[in-house]
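A closer look at the structure
So the chains spell out like this:
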Amino acid sequence: MKPAFLSAAIGALLLGSGAANAADPSQLLKKTEDKVIEWRHHLHQHPELGNREFETAKYIASHLKELGIKVETGVAHTGVIGFLQGGKPGPTVALRADMDALPVTEQVDVPFASKAKTEYNGEEVGVMHACGHDTHVAMLMGTAEVLAGMRDELAGNVLFIFQPAEEGAPDGEEGGAKLMLKEGLFKKYKPDVAFGQHVTSSLPTGVIGYRSGPLMASADEFRITVNGRQTHGSRPWGGVDPITTAAQIIMGTQTIVSRQIDITKEPAVVSFGKIDGGVRNNIIPDSVFMNGTIRNFDMDNRKQIFEKLKITAENIAASAGATAKVQILEGYPVTVNNPELTKEALPALRAAAGAKRVMEVPKVTGAEDFSYFAEAVPGFYYFVGVTPAGKDPATAASNHSPRFYVDESALKVGTEALTRLTLNYMADHKAR
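Residues numbered from 1 in each chain as written. Predicted model: local features only at pLDDT ≥ 70, side-chain atom pairs only at ≥ 80, totals over all residues. Heavy atoms only, no water.

The subject of this paragraph is the environment of Leu64. Within the element layout of this structure, Leu64 appears in helix α2 (residues 54-66). Spatially, the C-alpha atom of Leu64 lies 57 Å from that of Ala317, the residues being 253 residues apart in sequence. When near neighbours in sequence (up to four residues on either side) are disregarded, Leu64 contacts Ile69, Val71, Val80, Gly82, Ala144 and Phe162. (Helix = DSSP H or I, 4+ residues; strand = E, 2+ residues; numbered from the N terminus. Contact = heavy atoms within 4.5 Å.)

Running from amino to carboxyl end, helix α8 (residues 339-353) crosses helix α10 (residues 411-428) at an angle of 135 degrees, the nearest separation of the two axes being 8 Å. Between α8 and α10, the angle is such that the two are oblique. When you trace α8 past α10, the crossing you get is right-handed. Contacts from Leu341, Glu344, Ala345, Pro347, Ala348, Leu349, Ala351, Ala352 and Ala353 in α8 reach Val413, Glu416, Ala417, Arg420, Leu421, Asn424, Tyr425 and Asp428 in α10. Split into classes, the residues belonging to the contact of α8 with α10 amount to 12 nonpolar, one polar and four charged. (Axes fitted to C-alpha atoms, helices over the stretch in contact; angles between N-to-C directions. Parallel < 35°, antiparallel > 145°, perpendicular 65-115°, else oblique. Left-handed = near helix turned anticlockwise from the far one by under 90°. Nonpolar A, V, L, I, M, F, W, Y, C, P; charged D, E, K, R; others polar.)

Attention shifts here to the packing of aromatic side chains. Per the stated rule, a full pass over the model turns up 10 aromatic pairs. Relative to Phe380, the ring of Phe195 has its centre 6.5 Å away and its plane inclined at 80 degrees; by these criteria the two rings are edge-to-face. With Phe195 in strand β7 (residues 193-204) and Phe380 in strand β18 (residues 379-387), this pair connects stretches of sequence that are 185 residues apart. Here the aromatic rings of Phe370 and Tyr381 are separated by 5.0 Å at their centres, their planes lie at 35 degrees, and the arrangement is tilted. (Phe/Tyr/Trp six-rings, centres within 6.5 Å; stacked < 30°, edge-to-face > 60°.)

If you trace the backbone, Thr419 turns up in helix α10. Among the polar contacts listed, one links the side chain of Thr419 to the backbone oxygen of Thr415, at a separation of 2.9 Å. (Polar contact = N/O pair within 3.5 Å; in protein donor to acceptor, adjacent residues only side chain to side chain.)

Quick look at the sheet that holds strand β17 (residues 358-360) now. Strand order across the open sheet formed by eight strands is β1-β2-β6-β3-β7-β18-β8-β17, with mixed pairing between neighbours. Strand pairing shows two members of the sheet lacking a second neighbour, β1 (70-75) and β17, which therefore form its edges. Averaged over all pairs of adjacent strands, the angle between strand axes in this sheet comes to 25 degrees, irrespective of strand direction. Both strand β8 (residues 208-210) and β17 contribute to a ladder of three bridges, which runs parallel. Residue Tyr210 lies in a different strand from β17, and its bridge partner there is Glu360. The sheet strands contacting α8 are β7, β8, β17 and β18, and the helix crosses β18 at an angle near 30 degrees. (Pairing = 2+ DSSP bridges.)

Turning to the environment of Ile283, a few remarks are in order. With respect to the helices and strands, Ile283 occurs in strand β13 (residues 283-284). Taking C-alpha positions, Ile283 is 4.8 Å from His232, a pair spaced 51 residues apart along the chain. With residues up to four places along the chain from it excluded, the contact list for Ile283 reads Gln230, Thr231 and Gly233.

It is worth spelling out the sheet that holds strand β14 (residues 287-296) at this point. The strand order β12-β14-β10-β15 describes an open sheet built from four strands, whose pairing is antiparallel. This sheet does not close on itself; its edge strands, each paired only once, are β12 (268-276) and β15 (323-329). Sheet twist, expressed as the average angle between the axes of neighbouring strands with direction ignored, equals 20 degrees. Relative to β14, strand β10 (residues 218-227) is paired through 10 bridges, and the arrangement is antiparallel. The residue of β14 that forms the bridge with Ala219 is Arg295. Running over the sheet, helix α6 (residues 242-260) touches β10, β12, β14 and β15 and is turned about 170 degrees from β12.

Most of strand β3 (residues 88-98) is tucked away, with eight of its 11 residues classed as buried. Direction of pairing for β3 relative to strand β6 (residues 155-163): parallel, over a ladder of eight bridges. Counterpart to Leu95 in the pairing with β6 is Phe160. (Buried < 20%, exposed > 50% of the residue type's maximum accessible area, 1.4 Å probe, protein only.)

Next comes the structure, spelled out in structure tokens:
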């Protein structure tokens, strides 16, 4: 996930005042602060790619078992599940952290920098937690320790989800949140709600960014192969030019969003990222391959874009005497924050970060597979800023960059936010 919202989002929405009689975890949170940072250092030094988080899973499972939490491993290949049963009846709250790193060679000068290397797509690459998933795991481990220390007081249960492959499973494999649900995770544990968080360099340290409704876009890939007929470049009339046809398709598909979709409903983007065809300047080739992405914030619009992309490409190709084969690979759906749950969550966020440091942020055209969890049950997902004072979040190295830097003082905010979200939700939804 690569957030792209403006760091200058100003003005927190001040709604409500706090959940009724939620237990105070302050002392336990204080005791975990240094541990969370230590865990993050270890995880950062030992990153693993999606569906290959074997040592990460062992590290997490060992911690949860020490806390007396019921542990399940091997979920969706390498995922770890912890289930904490509270001392009193109440709802089940799911808390999720993603575990996987990226094929990125670290350029951050810190003592615990990653030196790891592995093979990715047939090449040796560096491995780095360049999106901050190491911090997500460490903060959820800290939250687990706090809540396990309060188990007798908990009016409900907690489902800790340590999820692999958020950045995508290797080619030919399934993975991530979708596979966890396919294997029956929510059917087994029946959570009432799901919470998740993501660190971002686009906000100052400790500032929490949220949004009700659509927060992050769906992300889908398309592949278009234009088939013409080879001829010499000096005699284009002797064949069918797939390059010119491909250019017309690129321009034509830009009208899908600008002229055919109701963008007053939600914005959308159709972008081409790759075009490949031909081997020589004076030979018109038989075919051209194009590859791109679709981002949008409305699932009905998404379906329309799929249909119109296929029709536009095929008809433009036909008008030139060529053919176009369109393949759409559906990715993550829109990440939607349940409006009522968002409203309920704000007091907990303000208690963790301070009322003036919780702010509404614009939509993010990056994508997240937490979206699958939020489709299954009411979900709430938010951002925690990690760019230190004195640095401009607008120019700080973004998530996925080899220079992505985390101000670790933000981790206590994220740990407290997850903890208070859980306790406040339980307090507001006690068993009757």
